[in-house]
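Each chain, letter by letter, is given below.
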Amino acid sequence: MNIAFAPYISLPGQQGGTLQMPHPLLLSRAHWTGLLLATSLLLLALLWPVFSGQNQTTESAASTSALPQPLQTTTPDIEALSIATPAVIDTSPTPQQHTIASGDTLQAIFQRYEIGASTLSAIMQADEDILALDVLHPDSHLIMEKTPRGELQRLTLELDPGRILHYERSSEGHFSYAWAPVELDWQARLFRGEISGSFYQSALRAGLSDQDAMNIAEILQQQLNFRRDLQAGDQFAVIRGEERNQDTPTGRTRLEAIRLQRGNREYTAFLFSDGSFYDAEGNSLTPAFLRLPSKQPYRISSAFNLARRHPITRRVAPHNGVDFAMPVGTPVLTTGDGIVSRTGNHPYAGKYVEIEHQGAFKTRYLHLHRIEVRRGQQVERGQRIAQSGNTGRTSGPHLHYELHINGRPVDPMTADIPEATSIPDEQLGQFRDQVETTLAVMTKHANETLVASLFAPTEG
Ligand SMILES: [Zn+2]
């Protein structure tokens, strides 16, 4: 096992020096030693029966095969280049593709493919807005394209069939990112069933996922208690949107409409174009959000600005959130009920928390001093989730706060945040049409029928 990782990466400092920064993805030497020791002990324990009972000559073979094998790397196909002799020979090396394995870090991958530390740093800087490269997801793909001189020109990260990210080298050695243009659309599917046993079991039987079942209970929690109030024979219908790129599902889904019939009472929830859920009368079911992620208002040191230009490089460097100047250690509050979807430590964004909220809302909190929640944890509006800090690349202590609606960052200070009120009068007609169409679809079709997506938020 190769442990020749430097525990720190060097980032170019503003005055041309280097800024030593602990890389979050790397373990210190002491940790590596501990990990190695633990791994060796585990291997020994696993192999013990082989050692003790069997012929000693099998020992070395057994231990060799049990050791992790080095990953295969893709090398440029030089032979293919020399066989095909076009009039103009393209001297760019063949792109190298790497499939992420569990535990892979970008630094380790770059070392393997001979890409330098300054390129790594520049890529991570571009990634500050996306946060896609600090934790790499197993089975996603990285494609590295180099110049004839061997410099990385373009890094492509395929997160899922609908989300392909390019990090492209620009003239000054900086990288910028762009999403590959893909035409995503939503297909909706109707799920119908009858309560028999728990709602959870009944939902799974109808084809919904356990996550769907939990979300449905959460959306309707103000209206009924799923454990106590539902009885055998009660009916439910759910429309779930499924995102696709051409005909390939990307794996992202969303609940669009829910109807539960209990005796002659009906409980409903409809996702509206503002990202919130409403009942059939247009009353909000999505709990209200706080405007600010802190108890007191703090000075805004940098406002939300999608067209911001970097003061030095002049390249467009959007500011996807708002910065509040606050002293290190200030309690950071989640602005809405939700589930912690990610936590991490990014060389530029610092320690961060991401929370997914009901409907189409997501919030992010960056440059934290201490994270006080865990991935998967349920949080309530106003709950303390972290202490603000000065981690990552910052020019002083502050909290960077982002609000995303339908997958796009919006200005948290001016955006339409859920206020737990009802649909505005001028949109009520449109909403009533949506309710009527949805209920008709739910009544008409059988379980797992594909239906047109009734909910089409304007993205962007
Ligand atoms: Zn910021």
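This is a predicted model, so every value here is computed, not measured. (Residues numbered from 1 in each chain as written. Predicted model: local features only at pLDDT ≥ 70, side-chain atom pairs only at ≥ 80, totals over all residues. Heavy atoms only, no water.)

**Student:** I'd like a rundown of the overall build of the protein, residues and numbers included.
**Tutor:** Scanning the protein from N- to C-terminus turns up 9 helices and 23 strands. Evaluated residue by residue, the protein yields a buried proportion of 43% over its 460 residues. For the protein, contacts bridging at least 24 residues in sequence account for 62% of all contacts bridging at least 6. As displayed, the protein offers around 24,200 Å² of accessible surface, 51% of which is attributable to carbon and sulfur atoms. (Helix = DSSP H or I, 4+ residues; strand = E, 2+ residues; numbered from the N terminus. Buried < 20%, exposed > 50% of the residue type's maximum accessible area, 1.4 Å probe, protein only. Contact = heavy atoms within 4.5 Å. Areas by Shrake-Rupley, 256 points an atom, 1.4 Å probe, with all protein chains shown as cover.)

**Student:** Give me the lowdown on empty space enclosed by the protein, citing residues and values where you can.
**Tutor:** Taken as a whole and assessed by the stated rule, the structure comprises 3 cavities of 30 Å³ or more. Together, Glu218, Gln221, Thr286, Pro287, Ala288, Phe289, Gly336, Asp337, His357 and Gln358 line the largest cavity. Here the residues of the lining of the largest cavity are counted per class, giving 3 nonpolar, 5 polar and 2 charged. (1 Å grid on protein atoms, 1.4 Å probe; cavity = no way out; pocket = protein on both sides within 12 Å on 5 of 7 lines; lining within 4 Å. Points joined across faces, edges and corners; volume = space filled by probe spheres on them. Nonpolar A, V, L, I, M, F, W, Y, C, P; charged D, E, K, R; others polar.)

**Student:** So what's going on with the packing of helix 6 (residues 199–206) against helix 7 (residues 210–219)? Residues and values would help.
**Tutor:** Where helix 6 contacts helix 7, the axes come no closer than 9 Å and their chain directions differ by 130°. As judged from the angle between their axes, helix 6 and helix 7 are oblique. Between helix 6 and helix 7 lies a crossing of right-handed hand. Across the interface between the two elements, Phe199, Tyr200, Ala203 and Leu204 of helix 6 pack against Asp210, Ala213 and Ile216 of helix 7. (Axes fitted to C-alpha atoms, helices over the stretch in contact; angles between N-to-C directions. Parallel < 35°, antiparallel > 145°, perpendicular 65-115°, else oblique. Left-handed = near helix turned anticlockwise from the far one by under 90°.)

**Student:** A description of the coordination of the zinc ion should follow, citing residues and the corresponding values.
**Tutor:** Those donors, His319 (NE2), Asp323 (OD), Asp323 (OD) and His400 (ND1), are the protein atoms that reach the zinc ion, and they lie 2.0 to 2.8 Å from it. The site at the zinc ion holds 4 donor atoms, and with the angles between them running 52 to 153°, its shape is irregular. Expressed as a motif, the donor residue spacing for the zinc ion is H-x3-D-x76-H. One end of the pair, Asp323, is in strand 14 (residues 322–324); the other, His400, is in strand 21 (residues 399–405), and 77 residues separate them in sequence. An identical accessibility class is assigned to Asp323 and His400; each is buried. (Donors = N, O, S within 2.8 Å, 3.2 Å for Na, K, Ca; no water. Tetrahedral: all angles 85-135°; square planar, octahedral: opposite > 155°, others 65-115°.)

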